[in-house]
Amino acid sequence: SYIRCINVEYESSRNEDFYDLSLPIRGHKNLHDSFQSYIEKERLEGNNQYSAGDFGKQDADMGTEFIELPKILHIHLKRFDFNYETLRMEKVNDNFEFPREIDLSSFVTNDKIDYIYDLFGVLVHSGGMHGGHYYAFLRTSLEAQWYKFNDSLVTKEEESNAIDDNFGGKGKIYSAYMLIYVRRQYANEIYSPVTDDDIPQELKDWAAEAELNEQRKKQETEQKARQIIVSSFLEDSIESNCLSGKYGYKPLFEDDPLMLDKTIKLNVLYEEIAKKYNLK
């Protein structure tokens, strides 16, 4: 961010790092136009001159410029914006196009370096201002194959479904909310095969523990399926049920620890018999 005097050698500037870049949609037809508006200069002159210290009031340009762009560029599209006419936040459903590849070199101060990016991810919001659903289209490799990740459902999709269909526009309630671009010269490095050495040990331990828990649950399910539960009924229970006209028999003391203990012993006994005679 800078304020640069035009007629004297004076500048005030500040460098800031960013994790994602928020770009406006309203009033812009595509991503290139939005980038252009982001770096537009505002002239400070007349009654709005800049106070340049010992130089006094000076005409100056105020704006933002990019010094360097990352290997992976996350672009947040301002689909939710404040409407100064209604004084309310609202979702911007305007048609806004974004390309499969984009050259951002002209927007960087060092324009001798190539900043060519390819699209690898599109996060979509479906719904209105006060609610909705998010899902994502992603390329998981250098191939131009797109996948749709919608909660637990993952499906292969045509490229047009991931890109062209999410520009928004009249009558649509879904549109791109965030874009993921990968700098072309680093794509091979970023999408190189993951080796076992690349995986942190704590993640390996977590995966091993998760698999062990899954096996335990499976064994418990199989064991329950093989169990026989026998309930004991006292004569008083049978008589009580008959007199009350109830179908079936229910123990008077079904929570009695002694009753539970007998059931467990019977289950263990069945397991021993099944093992001895190789029963399934």
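Residues numbered from 1 in each chain as written. Predicted model: local features only at pLDDT ≥ 70, side-chain atom pairs only at ≥ 80, totals over all residues. Heavy atoms only, no water.

Q: Sorry, what's going on with the pairing of strand S16 (residues 174–183) here?
A: Each regular strand carries side chains that alternate between the two faces of the sheet. Burial within S16 is extensive, with eight of its 10 residues counted as buried. Pairing of strand S8 (residues 72–77) with S16, which is carried by five bridges, proceeds in the antiparallel orientation. Looking at S16, one finds that His74 is bridged to Ile180. (Buried < 20%, exposed > 50% of the residue type's maximum accessible area, 1.4 Å probe, protein only. Helix = DSSP H or I, 4+ residues; strand = E, 2+ residues; numbered from the N terminus. Pairing = 2+ DSSP bridges.)

Q: How should the sheet that holds strand S4 (residues 42–44) be read in this particular structure?
A: Backbone hydrogen bonds hold the strands of a sheet together, and the pairing may be parallel or antiparallel. Strand order in the open sheet formed by four strands is S2-S1-S7-S4, with antiparallel pairing between adjacent strands. Across the chains shown, the open sheet's two edge strands, defined by having one partner strand only, are strand S2 (11–13) and S4. Averaged over neighbouring strand pairs, the angle between their axes works out to 20 degrees when direction is ignored. Alignment of strand S1 (residues 2–5) against S2, held across three bridges, turns out to be antiparallel. Directly across from Tyr2, in S2, lies its bridge partner Ser13. (Axes fitted to C-alpha atoms, helices over the stretch in contact; angles between N-to-C directions.)

Q: What exactly am I supposed to notice about the pattern of salt bridges here?
A: If the charged atoms of two oppositely charged side chains come close together, the side chains can form a pair. Enumeration over the complete set of coordinates arrives at 13 salt bridges. A salt bridge links Glu189 to Lys71; the nearest nitrogen and oxygen atoms lie 3.1 Å apart. Of this pair, Glu189 sits in helix H3 (residues 187–190) while Lys71 sits in the loop between strand S7 (60–63) and S8, and the two are 118 residues apart along the sequence. Exposure remark for Lys71: the relative accessible area of 37% places this residue in the partly exposed category. (Salt bridge = Lys/Arg side-chain N within 4 Å of Asp/Glu carboxyl O.)

Q: Can you walk me through the side chain of Ser175 in this structure?
A: If you trace the backbone, Ser175 turns up in strand S16. Of the residues examined, Ser175 reaches a relative accessible area of 1% and is grouped as buried. Every residue in contact with Ser175, bar those within four places of it in the chain, is listed here: Arg79, Lys91, Leu123, Val124, His125, Asn166 and Gly168. (Contact = heavy atoms within 4.5 Å.)

Q: Which parts of the structure should I look at to understand unusual backbone geometry?
A: Glycine aside, negative phi is the norm for most residues, and most peptide bonds take the trans geometry. Even without a glycine there, the phi angle at Leu87 is positive, about 60 degrees. Examined against the element boundaries, Leu87 turns out to sit in the loop between strand S9 (80–83) and strand S10 (88–91). One non-glycine residue, Asp151, adopts positive backbone phi at about 55 degrees. Secondary-structure assignment places Asp151 in the loop between strand S14 (146–150) and strand S15 (153–157).

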